[in-house]
Amino acid sequence: QVQLVESGGGLVQAGGSLRLSCAASGRTFSNYVLGWFRQAPGKEREFVAAISWSGGGTDYANSVKGRFTISRDNAKNTVYLEMNSLKPEDTAVYYCAADRWGRITQKISDYLYWGQGTQVTVSS
């Protein structure tokens, strides 16, 4: 079992930045691929970014490439999502998740453990 707790969300103006954190506890954090997903009101949850257990591999949704950066600190059991040049369409609840198969994937069903989410609101 892995428990995930997100933080760092808030209200920001378009063009601004936020850094989300996800602290993990439970099973060995470094064994898991970690991902960030988001869900806007009335929309399905979608993939944002993922990072390999070592941090050497990453993947991003096309909509956030060049603006968002995912990173992890296995010593602190924490994964981060640095979000720059934020747009109103980035407004959503952001969730971190740990996968079950040990490989980078965009599929929601491949992620076993989920946090409770943190709200990000970008005003125009």
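This write-up is about the structure you can find in this document. Throughout, residues of each chain are indexed from 1 in the direction in which the sequence is written. It should be noted that, the model being predicted, local features are given only for residues of pLDDT at least 70 and side-chain atom pairs only at 80 or more, the latter also being counted only at that level, while totals for whole chains, interfaces and linings use all residues. Computation of side-chain values covers all heavy atoms of the structure but excludes hydrogens and water.

1. A few points about the pairing of strand β9 (residues 92–99)
Here's step 1: For every residue, the accessible area obtained with a 1.4 Å probe (protein chains only) is divided by the maximum for its type, and the residue is called buried under 20%, exposed over 50%, and partly exposed between those limits. In DSSP terms, a helix is any run of H or I states spanning at least four residues, a strand is any run of E spanning at least two, and both are numbered starting from the N terminus. Burial analysis of β9 places seven of its eight residues in the buried class, which makes it a mostly covered element.
Here's step 2: For two strands to pair, DSSP has to find at least two bridges joining them. The sheet contact formed by strand β4 (residues 34–39) and β9 spans six bridges and is antiparallel. Bridged to R38 within β9 is Y94.
Here's step 3: Bridge analysis of β9 against strand β11 (residues 118–123) gives three bridges, and the strand direction is antiparallel.

2. Digging into the state of the cysteines
Here's step 1: Note on terminology: disulfide denotes any pair of cysteine sulfur atoms within 2.5 Å. For the coordinates displayed, the defined rule picks out one disulfide.
Here's step 2: Across a sulfur-sulfur distance of 1.9 Å, C22 and C96 are joined as a disulfide pair. Residues C22 and C96 are joined through a disulfide that is right-handed, its torsion about the S-S bond being 40°. With a gap of 74 residues between them, C22 in strand β3 (residues 18–26) and C96 in strand β9 connect regions that are remote in the sequence.
Here's step 3: Judged by relative accessible area, C96 falls into the buried class, the value being 1%.

3. Quick notes on the packing of aromatic side chains
Here's step 1: Each Phe, Tyr or Trp ring (for Trp, its six-membered ring) is paired with any other whose centre lies within 6.5 Å, and the angle between the two planes then decides the class: stacked below 30 degrees, edge-to-face above 60, tilted in between. Taken as a whole and assessed by the stated rule, the structure comprises five aromatic pairs.
Here's step 2: With 5.7 Å between their ring centres and 75° between their planes, F37 and F47 make a pair best called edge-to-face. Of the two residues, F37 sits in strand β4 while F47 sits in strand β5 (residues 46–51), which places them ten residues apart along the sequence. Summarising the burial analysis for this pair, F37 and F47 share the class buried.

Scope: geometric values only; no functional claims are made or implied.
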